[in-house]
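Chain by chain, the residues:
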Amino acid sequence: MTISNETETLKLQPNWRFVLSHPAHFLAFGFGSGLARKAPGTWGTVAAYPLFFVLHALGVQGLALAALCLPLFIAGIWICGYSGRALGVHDYGGIVWDEIVAMLLVLAFAPATPLAWLLAFVLFRFFDILKPWPIRWLDRHVGGGFGVMVDDLLAALFALAVQWGVWRLL
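Conventions adopted
Residue positions are given per chain, counted from 1 along the sequence in the order it is written. Only residues with pLDDT of at least 70 get local features here, since the model is predicted, and only at 80 or more are side-chain atom pairs given and counted; chain-wide, interface and lining totals rely on the full set of residues. With hydrogens and water excluded, all non-hydrogen atoms of the structure serve as input to the side-chain values. UniProt positions are given in the numbering used here, feature names are shortened, and annotations may be inferred rather than shown by experiment. Classification of ring pairs uses Phe, Tyr and Trp, with its six-membered ring standing for Trp, and accepts pairs whose centres are within 6.5 Å; under 30 degrees between planes counts as stacked, over 60 as edge-to-face, and the remaining range as tilted. Strands are runs of DSSP state E lasting at least two residues, helices are runs of H or I lasting at least four, and both sets are numbered from the N terminus onward. Take the buried Ala, Val, Leu, Ile, Met, Phe, Trp, Tyr and Cys residues and link them wherever side-chain atoms come within 4.5 Å; each set so joined is a nonpolar core. Buried means the residue's accessible area, taken with a 1.4 Å probe over protein chains only, is under 20% of the maximum for its type, while exposed means over 50%, and partly exposed covers the values in between. Between two residues, a contact is recorded if the distance between any of their heavy atoms is within 4.5 Å. Every case where a carboxyl oxygen of Asp or Glu lies within 4 Å of a side-chain nitrogen of Lys or Arg is listed as a salt bridge. For the purposes of this analysis, a disulfide is any pair of cysteine sulfur atoms at a distance within 2.5 Å.

The name an unreviewed UniProt entry gives the protein chain is Phosphatidylglycerophosphatase A, with Chromobacterium rhizoryzae as the organism. Reading the Pathway (unreviewed entry) entry of the UniProt record for the protein chain gives the comment "Phospholipid metabolism; phosphatidylglycerol biosynthesis; phosphatidylglycerol from CDP-diacylglycerol: step 2/2."

So, in structure tokens, the structure goes:
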């Protein structure tokens, strides 16, 4: 099944009323960060940080945080699918739950320093925006909530590989 945003029609322009109308929309739009007019994916990635810092302070770090990303990913399939169907566009740019979960995964394996957290951000955004193969293929050919989530998961894995290499060399 080929997915193309050119064949999908936005049913409504999302706003705060839409985001607050259902918990799934609130999460899908990254607590409102996905409403940003410019670079909503970047703002959604930024929205992962407060959640990360709270979890980190509560001791949810490393493998525990990575393990938490699995149910967040699975929930994200439904969350993003629900909001996409409500909007009429399966991977609307303002749906950023996928960026939040993927960024949490990258941060799970970043050293606990501001420089490492910045590198994690830069690497994830680089791969999420560039979408090297097979990320771009997945983005274009896998639909629904799973399609929204899976390409960002793969971008996170690319970022993790580079992050591991950087910290290994240093």
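Let's shift gears to the packing of aromatic side chains. Going through the model one piece at a time under the given rule, you end up with 13 aromatic pairs. Considering the side-chain rings of phenylalanine 18 and phenylalanine 29, the 5.8 Å spacing of their centres and the 80° angle between planes classify their relative orientation as edge-to-face. Here phenylalanine 18, found in helix α1 (residues 16-20), pairs with phenylalanine 29, found in the loop between α2 (23-28) and α3 (40-57); they are 11 residues apart in sequence, far enough to count as distant. A ring pair is formed by tyrosine 49 and phenylalanine 121, whose centres lie 6.4 Å apart and whose planes are at 55°; its orientation type is tilted. Of the two residues, tyrosine 49 sits in helix α3 while phenylalanine 121 sits in helix α6 (residues 114-130), which places them 72 residues apart along the sequence.

A few words on the UniProt feature "transmembrane region" (unreviewed entry) in the protein chain. Here, UniProt's "transmembrane region" (unreviewed entry) annotation points to residues 48-80, 100-124 and 145-167. The span residues 145-167 shows a helical share of 100% and a strand share of 0%, and its end C-alpha atoms are spaced 33 Å apart.

A separate point is the nonpolar core. Phe29, Ile95, Trp97, Met103, Val106 and Phe124 are the most contacted members of the largest nonpolar core, which totals 49 residues. Looking at this core, the elements that each hand over two or more residues are α1, α3, α4 (62-87), α5 (97-108), α6, α7 (135-141) and α8 (144-169). In terms of residue count, the dominant contributor to this core is α5 (10 residues). Discounting residues that sit within four places of it in the chain, valine 106 has contacts with Ala120, Phe124, Ala156, Ala159, Leu160 and Gln163.

Here we take up the pattern of salt bridges. For the structure on display, the rule yields 3 salt bridges. In this structure, aspartate 128 and arginine 125 form a salt bridge, with 2.6 Å as the shortest nitrogen-oxygen distance. Note that aspartate 128 and arginine 125 are positioned in helix α6 at a spacing of 3 residues, about one turn of the helix. Comparing aspartate 128 with arginine 125, the two get one shared label, buried. One salt bridge connects lysine 131 with aspartate 151, and the closest N-O pair in it is separated by 3.2 Å.

Moving on to the UniProt feature "domain: YutG/PgpA" (unreviewed entry) in the protein chain. Mapped onto this numbering, the UniProt entry annotates "domain: YutG/PgpA" (unreviewed entry) at residues 27-163. Span residues 27-163 is 74% helix and 0% strand, its end C-alpha atoms 27 Å apart.

A few words now on the state of the cysteines. Summed over the entire model, instances satisfying the criterion amount to 0 disulfides. No disulfide involves cysteine 80; its sulfur sits 14 Å from that of cysteine 69, the nearest cysteine.

All right, on to unusual backbone geometry then. For the bond from tryptophan 133 to proline 134, the omega torsion is 5°, close enough to zero to count as cis. One can find proline 134 in the loop between α6 and α7. Positioned with a positive phi, alanine 39 is a non-glycine residue whose angle comes to about 55°. For alanine 39, the location among the structural elements is in the loop between α2 and α3. Overall, the relative accessible area of 43% leaves alanine 39 in the partly exposed class.

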